Amino acid sequence: MEKGRFGVHGGQYIPEILMNAVHEVEEAYNKYKDDPDFNRELEELYNEYTGRPSRLYYAKRMTEDLGGAKIYLKREDLNHTGSHKINNVIGQMLLAKRMGKTRVIAETGAGQHGVATATVAAMMGMECEIFMGKHDCERQALNVYRMRLLGAKVHPVESGTKTLKDAVSETFREWTSRIKDTHYVLGSVMGPYPFPNIVRDFQAVISKEIKMQMMEKEGRLPDAVIACVGGGSNAIGAFYHFIDDAQVRLIGCEAAGRGIDTLETAATINTGKLGIFHGMKSYFCQDEYGQIAPVYSISAGLDYPGIGPEHAHLHDIGRAEYVPVTDEQAVEAFEYLSRIEGIIPAIESAHAIAHAIHVAKEMSKDQIIVVNISGRGDKDCAAIARYRGEDLYE
Amino acid sequence: MNNIRKVFEKGTAFIPFITCGDPSLDVTKEAVIEMEKAGADLIELGIPFSDPTAEGPLIQEANLRALQNQITTDDIFQMVRELRETVKIPMVFMAYANVVFSYGVERFVATCKEIGIGGLILPEIPFEEKREFDEICKKYDVDLISIIAPTSKERIGMIAKEAEGFVYCVSSAGEKENARFSHIGSMIKKVKKERNIPCAVGIESSSLDHIKELAKKVDGIIAGSTIVKLCEKYGIHAPFHIGNYVKEVKMILTE
């Protein structure tokens with residue numbers, strides 16, 4: 001496959017002004033990815049700071065309640081900062097330091113990537129600025145406070161739909177105006193090469209651990225791995241080491257919002273078409289003239305009109321399935337997992353739970369499903385309460 | 001060969017940029033006619049895009065204002081067709097890759113040829129990704145304009161070697177205008193070392209002094225935001241003011 005391509009997807013569709021910056025990241029990554037010192041430092045931070053490996057928990061009550069496949073939950077919600085995002089942030093920050101950068105910038109949707117970036121920047125003593133859609137700042141106000149508490153400057157983005165896609169655009173613009181001392185810690189498996197590869201490699205620790213833990217607990221591979229997909233970083237992380245194991249079903253759950261037959265959806269594979277945006281060729285929600293659609297989901301972290309190029313390719317070749325999950329289904333799953341397992345998942349991860357509930361019932365008791373709980377749901381409680389009609393504000 | 005390069009043969013060319021459809025396509029049309037009358041050498045027509053990631057706030061807003069009027073690529077093609085009944089100077093499109101890609105690259109470029117658009121500027125298509133557009137542009141004799149930036153450094157040679165029409169030199173948005181002018185000279189020198197092709201520089205300033213100073217170093221000046229600013233300020237009365245501004249600039253350039 002051509003460098004930086006996943007089938008027809010991927011590439012480096014960015015302004016000339018950023019090309020050398022992206023090449024610099026690529027060179028640094030190639031230099032350090034197999035470097036023993038780099039990997040020792042990465043592993044130490046993963047273990048000592050993040051709390052890896054994250055647990056693979058057998059959800060006994062959920063399994064018994066559904067009466068089908070055995071369900072395991074990969075607990076990325078137990079990581080420091082409460083989501084999988086920190087896996088990638090630590091990796092990229094170590095890279096940024098080695099590249100001599102003193103300042104990092106990042107986009108954030110729900111705020112999980114922003115919080116992770118602000119956290120690691122504080123720990124490493126780097127300057128940090130976060131770009132977040134104004135609308136998302138409002139629906140995730142607590143995370144905005146967290147980032148400020150951690151010493152980051154948060155810029156509410158006022159352009160466009162004031163959500164994740166606009167935050168990504170604004171962070172690229174910011175990078176264009178200040179490249180020399182600044183690294184862009186892209187938060188998902190998207191954007192121009194080499195970001196989809198770098199982010200995937202740092203997130204792949206998830207599937208590496210699942211595989212090991214599964215062999216220890218069950219002595220075999222799972223029958224299905226299920227994860228939610230916005231840009232797709234937790235999903236690719238959970239899928240990656242299973243891609244060559246054809247017997248393992250890989251299922252990505254897209255945010256259908258109010259339904260894929262409405263305009264208020266963010267289900268890219270189910271409603272989008274091939275396009276070029278944010279540095280990559282992939283599938284995007286767009287109109288017939290290529291204008292990017294103003295997508296919608298209850299989950300700020302999945303509220304993005306595109307999907308990472310590797311997912312687009314896994315879809316094309318039929319290796320992974322991408323299914324739509326509505327707001328209502330996700331909220332029900334959010335409540336269900338809280339009640340039945342005492343685990344409040346992020347509303348993003350609740351999309352994966354919703355589909356797992358459905359799939360588990362259709363599978364037999366000797367089959368195994370792993371669901372990636374990409375983040376914890378504390379940040380979502382107020383919004384879900386309001387969705388259910390309660391007058392609760394943070 | 002199309003007539004874009006000829007624009008640079010009679011002194012420093014002035015290339016105004018305008019976002020199509022802001023505030024309406026009728027105003028854009030009238031503005032283009034005024035700009036030709038005032039002596040503009042080439043006009044860069046921006047096709048509005050929902051997410052113009054390579055633009056600052058001013059042109060972003062212009063894009064969104066245009067799209068609020070439900071303007072489509074086909075409407076813009078139709079506007080150019082109508083303009084071509086009288087307008088003789090060359091015109092190029094500035095478009096985001098997805099607008100061209102979703103229309104079908106060949107269908108888009110063939111239409112450019114048909115309606116008399118001589119060049120295409122794609123700000124998100126760097127040298128490494130140009131092939132899928134360039135081969136079709138060559139087939140229809142539409143110049144795919146290459147872009148260089150102050151950060152391009154050693155890339156300039158490779159880009160210049162394969163450039164068509166003219167080289168578009170951008171300056172990084174984070175720097176002060178006068179600081180930028182200092183790299184322009186060395187950027188252009190690198191281009192000319194590789195190939196004798198005209199170099200036009202995009203500027204955000206509307207200051208006539210800046211233009212005068214810059215004119216000595218470059219083959220063309222692209223007014224990035226001045227015209228857009230006038231559209232925002234004067235709305236349907238913008239064409240008159242745009243015409244006057246272009247006249248003033250041309251006077252300085254032909255002094």
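Draft legend 1. Summary view of the overall build of chain A. Helix and strand content of chain A: 16 helices and 14 strands. Here chain A has a C-alpha radius of gyration of 19 Å; the compact-globule value for 394 residues is 21 Å, and the two agree. Dimensions of chain A, computed from C-alpha atoms along their principal axes, come out at roughly 55 × 45 × 40 Å. For chain A, with 394 residues in total, the buried portion stands at 66%. Of all intrachain contacts in chain A linking residues separated by at least 6 positions in sequence, the fraction that spans at least 24 positions is 73%. Counting only carbon and sulfur atoms, one obtains 49% of the accessible surface of chain A, whose full area is about 13800 Å². Looking at chain A, you have 44 positive and 55 negative side-chain charges, and the mean spots of the two groups are 2 Å apart.

Draft legend 2. Representation of empty space enclosed by the protein within the structure. All names here are of chain A. Applying the stated rule across the entire model yields four cavities of 30 Å³ or more. Roughly 290 Å³ of internal volume is contained in the largest cavity. What lines the largest cavity is a set of 26 residues, and nearest its centre among them are His84, Lys85, Leu164, Gly301 and Leu302. Among the elements of the structure, β5 (103–108), α5 (112–124), α8 (164–177), β9 (224–229) and α11 (233–239) are those that each provide at least two residues to the lining of the largest cavity. Its residues placed into classes, the lining of the largest cavity shows eight nonpolar, 15 polar and three charged. Mapping the lining of the largest cavity onto the domain boundaries places at least three of its residues in each of domain 1 (5–46 + 85–199) and domain 2 (53–82 + 204–387). For the lining of the second largest cavity, the class distribution of residues is eleven nonpolar, one polar and five charged.

Draft legend 3. Representation of the environment of isoleucine 347 of chain A. All names here are of chain A. Position of isoleucine 347 among the secondary structure elements: in helix α15 (residues 347–362). Accessibility expressed as a relative area gives 2% for isoleucine 347, which makes it buried. When the C-alpha atoms of isoleucine 347 and isoleucine 14 are compared, they prove to be 32 Å apart, with 333 residues separating the residues in sequence. Excluding residues that lie within four positions of it along the chain, isoleucine 347 makes contacts with Ile298, Ser299, Ala330, Val331, Phe334, Lys379, Asp380 and Ile384.

Draft legend 4. Just the pairing of strand β8 (residues 199–203) of chain B, in detail. Residue and element names in this part refer to chain B. Counting buried positions along β8 gives five out of five residues, so the element sits mostly inside the fold. Where burial is concerned, the two faces of β8 agree: the one with Cys199, Val201 and Ile203 and the one with Ala200 and Gly202 are both buried. Across three bridges, the pairing between strand β7 (residues 167–169) and β8 is parallel. Counterpart to valine 167 in the pairing with β8 is cysteine 199. Judged from the four bridges that link them, β8 and strand β9 (residues 220–223) form a sheet pairing that is parallel. Of the residues in β9, the one forming a bridge with glycine 202 is isoleucine 222.

Rules used in this analysis
Residues numbered from 1 in each chain as written. Chains lettered and ligands numbered in written order. Predicted model: local features only at pLDDT ≥ 70, side-chain atom pairs only at ≥ 80, totals over all residues. Heavy atoms only, no water. Helix = DSSP H or I, 4+ residues; strand = E, 2+ residues; numbered from the N terminus. Rg over C-alpha atoms; globule rule 2.2 N^0.38 Å. Buried < 20%, exposed > 50% of the residue type's maximum accessible area, 1.4 Å probe, protein only. Contact = heavy atoms within 4.5 Å. Areas by Shrake-Rupley, 256 points an atom, 1.4 Å probe, with all protein chains shown as cover. Lys, Arg positive; Asp, Glu negative; His and termini not counted. Charge placed at Lys NZ, Arg CZ, Asp CG, Glu CD. 1 Å grid on protein atoms, 1.4 Å probe; cavity = no way out; pocket = protein on both sides within 12 Å on 5 of 7 lines; lining within 4 Å. Points joined across faces, edges and corners; volume = space filled by probe spheres on them. Nonpolar A, V, L, I, M, F, W, Y, C, P; charged D, E, K, R; others polar. Domains from an automatic or database assignment. Pairing = 2+ DSSP bridges.

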